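Topology and contacts: notes
Single-letter residue listing:
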Amino acid sequence: MADAVSIFMAIGLSEQKAKETLKNEALSSTLKKAIEQAQGLLGSASIDKTAGTLLYNMVTRLKDSNRLSFLTEYIITRKITSELQLSAALDFLKNHPQENLDRLEFEAACGVGVVVTPEQIEDAVELIIRKHKDQLLAERYRFNMGILMGEARTALKWADGKIVKNEVDMQVLHLLGPKTEADLEKNPKAAKPKAAEKDVKIEQVSVENGENYKTEGYVVTPNTMTLLKKHLEETGGQVRTRFPPEPNGILHIGHAKAINFNFGFAKANNGICFLRYDDTNPEKEEEKYFTAIREMVEWLGYKPYAVTHASDNFQLLYDLAVDLIRRGHAYVCHQRGEELKGHNVPPSPWRERPVEESLLLFDRMRKGMFAEGEVTLRMKMVMEDGKMDPVAYRIKYTPHHRTGDTWCIYPTYDYTHCLCDSIENITHSLCTKEFQSRRSSYFWLCNALDVYCPVQWEYGRLNLTYTVVSKRKIIKLVETAIVRDWDDPRLFTLTALRRRGFPPQAINNFCARVGVTVAQTTMEPHLLEACVREVLNDTAPRVMAVLEPLKVTITNLPHFSSFEISFPDFPANEAKGSHVVPFSKTIFIEQSDFREVMEKGYKRLTPDQPVGLRHAGYVISVQRVIKDGCGNVCELEVSCASSDSVEKPKAFIQWVSDPLQCEVRLYERLFLHKNPEDPAEVPAGFLRDINPYSITVIESASVDRSVGKAKVFDKFQFERVGYFSVDPDSTSEKLVFNRTVMLKEDPGKI
């Protein structure tokens, strides 16, 4: 298996994709044959990534294995060099199953040898710009540039798409000049007046189970009451919610609010909550995300009633799509992706095509008879934000994590989400505010198919300052080595917060304090840290640690004198247990707890000021200061006396004797500014806003031996220093501690 993974990675596949490919025996066998044939043609040369990607895409879509050698040759000899050419080649082979293929006809059909010159691109784009000149001048940059690109791609079928786009952009700029302030203003929309948004608890606006029709915007059909009655019979009136993440990234602090609300709402109403993976985009989904999502849900203390997947329903969703077409509510459309971007999408010329024609074409989509992006299935409806006819199905020739290559068409969120809610008899579809524009499509689709329609309620997102949570931006941080991975303790993903030592109950408490409101909530990190301190104060045992040790020799203790001192785990409640620490002639204190020259207000150890040792019952006084060759203090000789026999000192400091050596990592905010994604605040972009002191590593700190058997994620309070958690990097030879939070709030640190 390892050899096969290496072979697949050598042509440009990621390790994860290579392993997933191996799970599909037919696909991996065909890919190996293609690679062997390619290497036979290349000799000692290696397969470059472009050719490797084309080979992989070819074997995932090729229906006739007898053509494998034929197409491999064209890819390796660089006669087919683009995805566009490959799609055309595959289409030609489907339509010409005869054994003796006319190569000249084949090469003409897929653009072999065709060279599109810069002059040809310039001339073609100029004609298109001239055609739309008047409208461009009138609408300027509000004009739908997708129209220009669509016509340019049609006229220049085999040209490089990037070069074409650059030429279009350049000629538009030449015609209109740079964007003005007026161009940057949003299009004015005639919006309906609405009441001022209130900070309302969602629970106060939700309706009783089975009374969905009382919700604003809910569509009532002649069959609504019958469907609701059947729903109540199947659920027994039980509240049902779901947490539906996409398995293409790690959950973050905002998801914690969604988890708490969905699971918490169900629990408060004696209901159930599903964990449902929205796994409809095989290009971005990986096993590690499925695993991590469930792990984080359970880490927060919630157990799903059932773990389901959108892909569980692929066949049923397909059957419903066929029904939607039959009812006249959907059609197959040939508009390209660039034409469908944005909100000012031109009406589809295929919107009113006959139902039987759409049914036939949708069946051909299902059978893999079109290229990616060539056709889509669209729904005949207008969303609340004005977007017309959202896509229901698109083509993706990528094996799915769970269904392999059974499907080459996949449903979109707009189509899948409400139908999966209906299938699972969800009573309360709780989602964040940005999905409000999809509420009408949610209701419309269920009613168009005459199936049970749940109710959707929106609530405000939870955001934190001094961080980013976007998957794309976190990936950038990882790729640029600013952070180690998704669980770097400076991030606010849930895996990162766990690694830093945040207790799950503290995160849940924070979500409860924030509450669930209609308005978006932006909080400061220190409010979350306050919840962390509250939990750790009651649960993290106290130990003594010294981050920057200074050796201290007690001169009036015999050399052989060594004994143990009982140390309470929780000094405020000694009934909760204790541990013992050694005490000997040699101890270590913090360097910052000694100053050679007394300063006003300084209460710790100086040559003229004694200090107490915490929990030891001793007060020490400096007898001699020892320095190294550079003049730095390296050791103190002191005398000790019982704290009962001398005047009470001004301070008691922590100390260690015969300690364990450990590594300690101290964290501060990753970003310098409150809103690193805001161009007004950080014009250079979030990657230029990194705090250079966001992590400090102390490789040789000292901690008392009572922590020697600590496990990963065990938490402690290092007295007078902060709260710390055992990091997964720890080994049997050396523990690694992450500072979770300091003992008191410091607005500049975390």
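Reading the values: the criteria
- Residues numbered from 1 in each chain as written.
- Predicted model: local features only at pLDDT ≥ 70, side-chain atom pairs only at ≥ 80, totals over all residues.
- Heavy atoms only, no water.
- UniProt positions renumbered as here; feature names shortened; annotations may be inferred.
- Helix = DSSP H or I, 4+ residues; strand = E, 2+ residues; numbered from the N terminus.
- Buried < 20%, exposed > 50% of the residue type's maximum accessible area, 1.4 Å probe, protein only.
- Pairing = 2+ DSSP bridges.
- Right-handed = clockwise from strand over helix to strand, strands pointing away.
- Domains from an automatic or database assignment.
- Contact = heavy atoms within 4.5 Å.
- Buried area = accessible area lost by both parts, 1.4 Å probe.
- Phe/Tyr/Trp six-rings, centres within 6.5 Å; stacked < 30°, edge-to-face > 60°.
- Lys NZ or Arg CZ within 6 Å of the ring centre and 35° of its normal.
- Axes fitted to C-alpha atoms, helices over the stretch in contact; angles between N-to-C directions.
- Parallel < 35°, antiparallel > 145°, perpendicular 65-115°, else oblique.
- Left-handed = near helix turned anticlockwise from the far one by under 90°.
- Nonpolar A, V, L, I, M, F, W, Y, C, P; charged D, E, K, R; others polar.

Some words on the UniProt feature "domain: tRNA synthetases class I (E and Q) anti-codon binding" (unreviewed entry) in the protein
Under the UniProt annotation, "domain: tRNA synthetases class I (E and Q) anti-codon binding" (unreviewed entry) lies at residues 652-727. The distance from the first to the last C-alpha atom of residues 652-727 is 29 Å, and the span holds 0% helix and 37% strand.

Notes on the pairing of strand 2 (residues 272-277)
Consecutive side chains along a regular strand alternate between the two faces of the sheet. For strand 2, the buried fraction is high: six of the six residues fall into the buried class. Of the two faces of strand 2, the one holding Ile272, Phe274 and Arg276 and the one holding Cys273, Leu275 and Tyr277 are both buried throughout. Relative to strand 2, strand 1 (residues 240-243) runs parallel, the two being bridged by four bridges. What sits directly across from Phe243, in strand 2, is Leu275. Chirality of the crossover, the property in question, places the unit of strand 1, helix 14 (residues 253-268) and strand 2 among those that are right-handed. Pairing between strand 2 and strand 3 (residues 306-309): four bridges, direction parallel. Paired with Leu275 across the bridge in strand 3 is Val307. Taking the sense of rotation as the criterion, the β-α-β connection linking strand 2, helix 15 (residues 287-299) and strand 3 turns out right-handed.

A look at the domain arrangement of the protein
Taken domain by domain, the protein consists of domain 1 (4-110), domain 2 (118-183), domain 3 (208-459) and domain 4 (549-653). A separation of 34 Å is found between the C-alpha centroids of domain 1 and domain 3. Each partner contributes to the interface: domain 1 provides 13 residues, whereas domain 3 provides 16 residues. Around 1,100 Å² of area is buried between domain 1 and domain 3 when both sides are counted, 45% of it from carbon and sulfur atoms. For the side of domain 1 that touches domain 3, the secondary-structure elements that each account for two or more residues are helix 2 (15-23), helix 4 (49-61) and helix 6 (83-95).

Considerations on the packing of aromatic side chains
In the structure shown here, the tally under the stated rule is 23 aromatic pairs. Both rings, one in Tyr318 and one in Trp407, keep their centres 5.7 Å apart while their planes meet at 55°; by these two values the pair is tilted. One end of the pair, Tyr318, is in helix 16 (residues 314-326); the other, Trp407, is in the loop between strand 6 (391-395) and strand 7 (409-411), and 89 residues separate them in sequence. Trp407 gets classed as buried once you look at its relative accessible area, which sits at 6%. Among the aromatic side chains, those forming a connected cluster through ring pairs are Phe314, Tyr318, Phe362, Tyr393, Trp407, Tyr410 and Tyr415. Above the face of the Phe570 ring, Lys576 is positioned so that its terminal group lies 4.0 Å from the ring centre.

Notes on the packing of helix 10 (residues 145-155) against helix 11 (residues 161-176)
Any two packed helices are characterised by how steeply their axes cross, that is the angle between the axes, and by the distance between the axes. One can describe the packing of helix 10 onto helix 11 by two numbers: an axis separation of 10 Å at closest approach and a directional angle of 130°. Considered as vectors, helix 10 and helix 11 are oriented oblique to each other. Handedness of the crossing formed by helix 10 with helix 11: right-handed. Here helix 10 contributes Met145, Leu148, Met149, Ala152 and Arg153 to the contact with helix 11, which in turn contributes Gly161, Val164, Lys165, Val168 and Val172. Tallied by class, the residues present in the contact of helix 10 with helix 11 amount to seven nonpolar, one polar and two charged.

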